[in-house]
Amino acid sequence: MDLGIAGRRAAVAAASTGLGAAAAAALAAEGVRVVICGRDRARIEDTAAAIGHGCIGLVADVGDAAGGAAFVGAATEALGGVDILVTNAGGPPPGTFATTDLDRYEPALSLNLLSVVGMCKAAVPAMQANGWGRVVAITSLAVRQPMATLILSNTARAGATAFLKTLAREVAADGVTVNSIQPGLHATDRLRALYGADVDPAAIGVPAGVFGRPADFGAIVAVLCSDQARFVTGAQIHVDGGAYAGLL
Ligand code: NAD
């Protein structure tokens, strides 16, 4: 299926590796002009070269609102505009209520909530003016089903999801869609850091018995960015191999 987005311009945050890189690769394969960012120049340039299709790698830290906005500004300058924004960042450190000190909350809220706000503030008004735009936020299944040892992630991403839902309804009439994708466990560096390299997916609650493939996740991001997805907005889509046990 032709997704109808060839020639569109995308900024994909935190994309040296993992789900962000996979989203960028899927968009680039559809003919989208893509700018990605990471904090390390050599790694982001290597990833951009591996993605190909003219993908541009920029050094930017999207760990807070200003960093997120600066990345979108740089992408806008490089591409002449941004039609598609994929928000992403690393995850905060693990911990429970008892093990997580109060001073750890503000950095986590900057990383996984305020950076999303900063990126949207920088990108969405021009999308509204153009009458077309796509925002896809990579969040976490932890929004739907908080994970016991990830209290910072659970807290920050729930706030981001409420922000995105509010934004989606405000800009829906301008041709701009705003959705989030909630990854369950995918085979990336983040997963290996949290659970080790040899963990059994079924043993940690993935009914499918395998971890998600980043490339498959990237394809789902691209579909949400498609022209045909114009009527999908304000949605939170969980991609988790059946891990979420609830009805809604
Ligand atoms: P990852 O840690 O494998 O990759 C994150 C990428 O973002 C890396 O390239 C890293 O260098 C870059 N990055 C991190 N912080 C950055 C910053 N401040 N500025 C710029 N670049 C930055 O993570 P992933 O598995 O690809 O996950 C992406 C997001 O989805 C993360 O927020 C993660 O917590 C979340 N998530 C992942 C899973 C999973 O199973 N992989 C599950 C649920 C949620």
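In this text, all values refer to a predicted model and were calculated from it rather than measured experimentally. (Residues numbered from 1 in each chain as written. Predicted model: local features only at pLDDT ≥ 70, side-chain atom pairs only at ≥ 80, totals over all residues. Heavy atoms only, no water.)

Caption draft 1: Quick look at unusual backbone geometry. The residue Ala 14 is not glycine, and still its phi comes out positive at about 50°. Examined against the element boundaries, Ala 14 turns out to sit in the loop between strand S1 (9-12) and helix H1 (18-29). Under the relative-accessibility criterion, Ala 14 is labelled partly exposed at 23%. (Helix = DSSP H or I, 4+ residues; strand = E, 2+ residues; numbered from the N terminus. Buried < 20%, exposed > 50% of the residue type's maximum accessible area, 1.4 Å probe, protein only.)

Caption draft 2: Fine view of the site of the ligand. Neighbouring the ligand are 27 residues; Leu 19, Ala 89, Arg 157, His 186 and Thr 188 lie closest to it. Ala 14 places a polar main-chain atom, nitrogen or oxygen, 3.4 Å from an oxygen atom of the ligand. At a separation of 2.7 Å, an oxygen atom of the ligand approaches a polar backbone atom of His 186. Where the shell around the ligand is concerned, the elements lending two or more residues are H1 and helix H6 (189-195). (Near = heavy atom within 4 Å. Polar contact = N/O pair within 3.5 Å; in protein donor to acceptor, adjacent residues only side chain to side chain.)

Caption draft 3: Up close: the pattern of salt bridges. Scanning all chains against the criterion turns up 4 salt bridges. Residue Glu 45 pairs with Arg 41 through a salt bridge whose shortest N-O separation is 3.4 Å. Here Glu 45 pairs with Arg 41, and both are found in helix H2 (residues 41-51), just 4 residues apart, close to one helical turn. When its relative accessible area of 40% is taken as the criterion, Glu 45 is described as partly exposed. The shortest N-O distance in the salt bridge between Arg 230 and Asp 227 comes to 2.8 Å. Looking at Asp 227, the relative accessible area reads 23%, which means it is partly exposed. (Salt bridge = Lys/Arg side-chain N within 4 Å of Asp/Glu carboxyl O.)

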